[in-house]
Amino acid sequence: MKRWRQWKRWLVLPVCICLLLACASCGKESGEADAVLGSGGTVLRIVSGSENAELEPILEEFANREHIQLEMTYLGSLDIMRLLGEEEIPYDAVWPASSLWLDVGDINHRVKQAEPISVTPVVFGIRQSLAEELGFVGREVSVSDLLGVIRSGKLRFCMTSATQSNSGASAYIGFLYALLGGPDMITEEDLQSETLREQMRSLLSGVERSSGSSEWLKEMFLQGDHDAMVNYECLILAANRELENRGEETLYCVYPYDGLSLADSPLGFLDSGNDKKEEAFRKLQDYLLSAETQDAIQRTGRRSPYTGVSEENRGVFRADWGFQPDRVLSPIRMPAADVLFDCLNLYQTEFKKPAINVYCLDYSGSMSGNGNRQLVDAMEQVLIQENAARNFLQASEEEINILIPFSDVIMGVYIAQGNGQDLEDLFPLVRDTAVGGGTNMYAAAMEGLRQLERYDLREYSPAIILLTDGMSSGAVQPFEQAYRESGLDVPVFSIMFGDADATQLEELAQLTNARVFDGRENLTEAFRSVKGYN
Amino acid sequence: MKTKLIGLGLLAAVIVAAALYAVISQNQAVTEINGYVGGEKIGLLDDDEVQDLLRSRYHLVIDYTKAGSIEMIGADLEGRDFLFPSNQTALELYEQAHGSPMRSEIVFNTPIVLYTRQEVAQAMQEIGLVREQDGVQYVDVEKLAGLIEDGVSWAEIGLPQLYGNVAVSTTDPSKSNSGNMFAGLLANALAGGVAEEEDLPDLLPRLKDVFGKLGYMESSSADLFDQFLKTGMGAKPLIAGYESQLLEFAVEEPETWEQLSSDVVMLYPVPTVWSSHVFIALDEAGSAGIDALLDEDVQRLAWEKHGFRTGVYGTPSDEAHFGVPGVALDLTQVSPMPGAGVMEEIIAALE
């Protein structure tokens, strides 16, 4: 219980960070939406799990018809939960993947009229031929069966971060149950077990790539070359449609019977006393729950509340892809809140593959003033562990952090192992390095690659993170060549500061299957997103 | 012609004046009271017909903030006219903390029931856990508690499609009334009578074990019931709730109910306990709420549209309009909840 109270405090603390950041990015509109649908006098700002990006055409139809503008911002469900604990929530509605996170996060009872919109289980999608080879086709599969092939190295997979996204958290809790031998309930004592630690680490070492929310994981999966992913049934189906269109091998859907969980996708209203918004919200909810819209939602591979899958839509859930529309979905029980958060903390600090973060820090002349200030503030949030822990960004004992300050030259390479004083000692260096000279971020990124080559990257989740305004001399080609020659699957993320220009950064993200974030808008979100990927 | 026009004009003026008078007098006379209300009564308080009756007959508007029955006793009561929890334990706790309230009265009742699906009810019948009498299904709570304590799996009672062990999903007993009352009911069953102080040393570890196996518990009865209906048999095979929840649902969502009615089953625990919705008036204005809610027509609507039994443990005469099979009109096997002191210790142990 005590830990739970601590957690409540954590929910509140990020507010301070946000306020600080609001000052750091004075004059900037915060929280720009990921998608704006329709236009109109009434605006509904919805913060949603990224899996709902697939429903945009359905939402857009509503927005156009009702002249209500829908602004969608996508975040992992656990990040939405955290948001609910903050004083100011810059949204009108929340739409996480599961009611659990609303129930846990809404400590101030601000969410009203929450209604599940669709139901989908968290499953494994495994390349068809591999699923056959592993003997998973046409029979009941347990989590232990999956663990067996993961630990023997026959199955490597992608999964969202358990501390950010519902699908990752659900799968991870399922793994815990299986490794503990299927107890009635996970207890605090169970989590202390050394065997569990060893087994879970070996299991999570099978994770090839991760992300902060489920749709992003699917997108990354489709861009990369991977064998399997843990994701929602509906997103496995969406991926298969794309794979089939491309003429590539599709995924076979495996429902682990002793580790299944359900996402019920609740859409709830955040009351700010604005009647117009409330009316618009009700209209949207009525529209989504209407028989006609539910029919359209089913065709995206989601099940309807109450009734599941209708006779006409049965064919959407193709049996040859392993889908079972008639399956009784019998999920595992989630632990009580305090144990649940213990589980998540352990994931972040002990169980998941240690990260190697290569931070390339831009100290060129164009960063002077605001840009440099933002960069220093940002690094303070990840290097000083007390700050980092508030957002589940804390380093693990085996994590490796490498700093490469650069201008038109590499100004040095600084390495800290673990989460102790070495790491925090890097901060004064970040703060005191002076700005000046030209920019060559490609050289810095290449130095990052060279540093990473010294490690066995099967044991780590590596990422290069550029903190820069993106205006670089030099060209992408030499980097591209070095990247291809290295054969490394390392994402190069960028967090933009100052008077940033995203063009060159997008090019790097495209090349390395990564993303660009705007650190001037919501830095915590940017860092959480980047860390979700490793 | 002219006189006719003047006459019409006069008539119009009178109508307008009368309408204005009605609006103004109503606005002047209406008193708004506000307080904390358990979530399961919100459907009733939001009911237009009920609101119209309260306004026209009692010049009263009841404004509310949703809160758990136990939670509201400890809440800040500044500026509140009433509390409307769902059990008498809350009243006892209030009295312990603040002394006697201005006035209090039980205005509705509803028994605690279990909800399940046809297949599960069938399996429970086959092992003698559930028996049917006059179309009503009764569940033996003591036996059920035994199965849960022994860790019997669903598969072992003939339901291999369900993963895990037999369990009753409830709301968090430390936050929400239905979970709290189910804990009381279970305590009675395990104690073999109304649970007393001296039963606690034996009871508390057993209750902790039963509830500990549930893991995460929802904080609202309405949400739990909603998930039971929406996510299907696999997700919530067996839950604890109020009889009124299904009756209200059947009236409010007749089309959906038609699709579900052959599958959803209501089980009456033997013995069950009453959830007594007691209205605690904190001041004179709040006291008017009691009179208004005890109005004959409000009481009638409470039963017909929202499934709350009225009068003191009343036996309603008619349930056919709900279209819900297996409603037990006459409940004889009801036991009192354990006393507030015992419940406090139970809640503390489960927290």
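Residues numbered from 1 in each chain as written. Chains lettered and ligands numbered in written order. Predicted model: local features only at pLDDT ≥ 70, side-chain atom pairs only at ≥ 80, totals over all residues. Heavy atoms only, no water.

Undergrad: I tried to follow the sheet that holds strand S4 (residues 93–95) of chain A on my own but got confused; where do I start?
TA: The strands making up a sheet associate through backbone hydrogen bonding, with each pair oriented either parallel or antiparallel. All names here are of chain A. If you walk across this open sheet you meet the 6 strands as S1-S3-S2-S4-S12-S5, and the pairing is mixed. The sheet is open, and its two edges are formed by strand S1 (35–37) and strand S5 (111–116), each paired on a single side. Neighbouring strand axes in the sheet, compared pairwise and without regard to direction, differ in orientation by 20 degrees on average. Sheet strands touched by helix H3 (residues 56–66): S1, strand S3 (68–74) and S4. Its angle to S3, the strand with the most contacts, is close to 150 degrees. Against the sheet, helix H13 (residues 275–289) makes contact with strand S2 (42–48), S3, S4, S5 and strand S12 (266–270), and its axis sits at roughly 60 degrees relative to S2, the strand it touches most. (Pairing = 2+ DSSP bridges. Helix = DSSP H or I, 4+ residues; strand = E, 2+ residues; numbered from the N terminus. Axes fitted to C-alpha atoms, helices over the stretch in contact; angles between N-to-C directions. Contact = heavy atoms within 4.5 Å.)

Undergrad: What is the right way to look at the packing of aromatic side chains in this model?
TA: Each aromatic ring pair is specified by the distance between its two centres and by the angle formed by the two planes. Per the stated rule, a full pass over the model turns up 23 aromatic pairs over all chains. One aromatic cluster is present, formed by Tyr306(A), Tyr115(B), Phe225(B), Phe228(B) and Phe249(B) through successive ring pairs. Positioned over the ring face of Tyr36(B) is Arg80(B), at 4.3 Å from the centre of the ring. (Phe/Tyr/Trp six-rings, centres within 6.5 Å; stacked < 30°, edge-to-face > 60°. Lys NZ or Arg CZ within 6 Å of the ring centre and 35° of its normal.)

Undergrad: What is the right way to read unusual backbone geometry from this model?
TA: Note on backbone geometry: most residues besides glycine have negative phi, and most peptide bonds are trans. For the bond running from Val270(B) to Pro271(B), omega is -10 degrees, close enough to zero to count as cis. Of note, Gln113(A) is a non-glycine position whose phi angle comes to about 55 degrees, a positive value. Inspection of the secondary structure assignment puts Gln113(A) in strand S5. Judged by its relative accessible area of 24%, Gln113(A) is partly exposed. Backbone geometry at Tyr306(A) places phi at a positive 70 degrees, although glycine is not the residue there. Position of Tyr306(A) among the secondary structure elements: in the loop between helix H14 (291–298) and helix H15 (337–351). (Buried < 20%, exposed > 50% of the residue type's maximum accessible area, 1.4 Å probe, protein only.)

Undergrad: Help me out: how do you make sense of the pairing of strand S14 (residues 400–406) of chain A in this one?
TA: Remark: a regular strand shows side chains that alternate across the two faces of the sheet. Residues and elements named next belong to chain A. Most of S14 sits out of view: 7 of its 7 residues are buried. Here S14 shows no split at all, with Ile-400, Ile-402, Ile-404 and Phe-406 on one side and Asn-401, Leu-403 and Pro-405 on the other all buried. Relative to S14, strand S13 (residues 355–362) runs parallel, the two being bridged by 7 bridges. Bridge pairing links Val-358 to Ile-402 in S14. The sheet contact formed by S14 and strand S15 (residues 414–417) spans 4 bridges and is antiparallel.

Undergrad: Would you mind going over the interface of chain A and chain B with me for this structure?
TA: In many analyses, interface size is given as the accessible surface area lost on bringing the parts together. Listed per partner, the contact involves 29 residues of chain A and 29 residues of chain B. Three residues, Asp103(A), Tyr306(A) and Arg333(A), lead the burial of chain A against chain B; their summed loss comes to 31% of the area buried on that side. In this structure, the connection of chain A to chain B is made through 2 salt bridges. Here chain A is connected to chain B by 10 residue pairs in polar contact (both at pLDDT 80 or more). Residue assignment for the side of chain A that touches chain B shows that the elements contributing at least two residues are helix H5 (99–105) and S5 of chain A. No other element matches the 4 residues that H5(A) contributes to the side of chain A that touches chain B. (Buried area = accessible area lost by both parts, 1.4 Å probe. Salt bridge = Lys/Arg side-chain N within 4 Å of Asp/Glu carboxyl O. Polar contact = N/O pair within 3.5 Å; in protein donor to acceptor, adjacent residues only side chain to side chain.)

Undergrad: I tried to follow the confidence of the model for chain B on my own but got confused; where do I start?
TA: A residue-level look at chain B finds 91% of positions with pLDDT of 70 or above and a mean pLDDT of 90. Among the scores for the predicted complex, ipTM is 0.83 and pTM is 0.85. (pLDDT = per-residue confidence, 0-100.)

Undergrad: What exactly am I supposed to notice about the side chain of Glu40(B) here?
TA: Residues and elements named next belong to chain B. Mapped onto the elements of the fold, Glu-40 is located in the loop between strand S1 (31–37) and helix H2 (42–45). Side-chain polar atoms of Glu-40 contact the side chain of Ser-86, separated by 2.4 Å. Ignoring anything within four residues of it in the chain, the contact list for Glu-40 reads Ser-86, Ser-221, Tyr-242, Glu-248, His-277 and Phe-308.

Undergrad: Would you explain a nonpolar patch on the surface in this entry?
TA: Taken together, Ile410(A), Val413(A) and Ile415(A) make up a surface patch of nonpolar side chains, about 200 Å² in accessible area. Residue Ile415(A) is classed as partly exposed on the basis of its relative accessible area, which comes to 41%. (Patch = residues over 30% accessible without salt bridge, like charges linked within 9 Å, V, L, I, M, F, W, Y side chains within 5 Å. Areas by Shrake-Rupley, 256 points an atom, 1.4 Å probe, with all protein chains shown as cover.)

Undergrad: I would appreciate a short explanation of the domain arrangement of chain A in the present structure.
TA: According to the domain assignment, chain A consists of domain 1 (2–118 + 263–313), domain 2 (120–262) and domain 3 (353–533). Computed from C-alpha atoms alone, the centre-to-centre distance between domain 1 of chain A and domain 3 of chain A is 31 Å. (Domains from an automatic or database assignment.)

Undergrad: Help me out: how do you make sense of a negative patch on the surface in this one?
TA: Residue and element names in this part refer to chain B. Among the surface-exposed residues, Glu-196, Glu-197, Glu-198, Glu-344 and Glu-345 lie close enough to one another that they form a single negatively charged patch. If you trace the backbone, Glu-198 turns up in the loop between helix H7 (177–191) and helix H8 (200–212). According to the relative accessible area criterion, Glu-198 is exposed, its value standing at 64%. (Lys, Arg positive; Asp, Glu negative; His and termini not counted. Charge placed at Lys NZ, Arg CZ, Asp CG, Glu CD.)

Undergrad: Would you explain the side chain of Arg327(A) in this entry?
TA: Residues and elements named next belong to chain A. Position of Arg-327 relative to the elements: it lies in the loop between H14 and H15. Take Arg-327: its relative accessible area is 16%, and that puts it in the buried class. Only 2.9 Å separates the side chain of Arg-327 from the side chain of Gln-324, close enough to count as a polar contact. Residues in contact with Arg-327, not counting those within four places in the same chain, are Glu-140, Tyr-255, Tyr-257, Leu-260 and Arg-303.

Undergrad: Would you explain the sheet that holds S14(A) in this entry?
TA: All names here are of chain A. Strand order in the open sheet formed by 6 strands is S15-S14-S13-S16-S17-S18, with mixed pairing between adjacent strands. With partners counted over all chains shown, the strands left at the sheet margins are S15 and strand S18 (516–518), one partner each. Here the strands of the sheet are splayed against their neighbours by 20 degrees on average, with no regard to which way each runs. Pairing between strand S17 (residues 492–496) and S18: 3 bridges, direction parallel. Residue pairing for S18: Ser-494 is matched across the bridge by Val-516. Contacting S13, S14 and strand S16 (461–468), helix H16 (residues 370–383) crosses the sheet at an angle of about 165 degrees to S13. Each of S13, S16, S17 and S18 is contacted by helix H23 (residues 523–533), which is oriented at about 175 degrees to S17, the strand it contacts most.

Undergrad: For this particular structure, what's the right way to read the domain arrangement of chain B?
TA: Residues and elements named next belong to chain B. Looking at chain B, the domain boundaries give domain 1 (13–108 + 276–322) and domain 2 (111–274 + 325–350). The C-alpha centroid of domain 2 is placed 28 Å from the C-alpha centroid of domain 1. Both faces combined, the contact of domain 1 with domain 2 buries some 2,300 Å², and carbon together with sulfur accounts for 57% of it. Looking at the side of domain 1 facing domain 2, the largest losses of area belong to Glu-40, Arg-309 and Phe-322, adding up to 26% of the total buried there. Inspection of the region where domain 1 meets domain 2 yields 1 salt bridge. With its nearest N and O atoms 2.6 Å apart, the salt bridge here joins Glu-243 to Arg-309. Between domain 1 and domain 2 we count 8 residue pairs in polar contact (both at pLDDT 80 or more) in total. Its residues placed into classes, the side of domain 1 that touches domain 2 shows 8 nonpolar, 12 polar and 9 charged. (Nonpolar A, V, L, I, M, F, W, Y, C, P; charged D, E, K, R; others polar.)

Undergrad: Sorry if this is basic, but what is going on with helix H21 (residues 476–486) of chain A here?
TA: Helical periodicity: at 3.6 residues per turn, an α-helix aligns residues three or four positions apart in one direction. All names here are of chain A. Among the residues making up H21, those that are buried are Val-476, Phe-479, Tyr-483 and Ser-486. One face of H21 carries all of its buried residues, which in axial projection span an arc of 95 degrees. Among the exposed residues of H21, those pointing more than 90 degrees away from its buried face are Gln-477, Arg-484 and Glu-485. Looking at the buried residues of H21, the elements they touch are helix H20 (441–452), S17 and helix H22 (503–512). Of the residues one or two after H21, Gly-487 is the one with positive phi, at around 70 degrees. (Arc of directions from axis to C-beta.)

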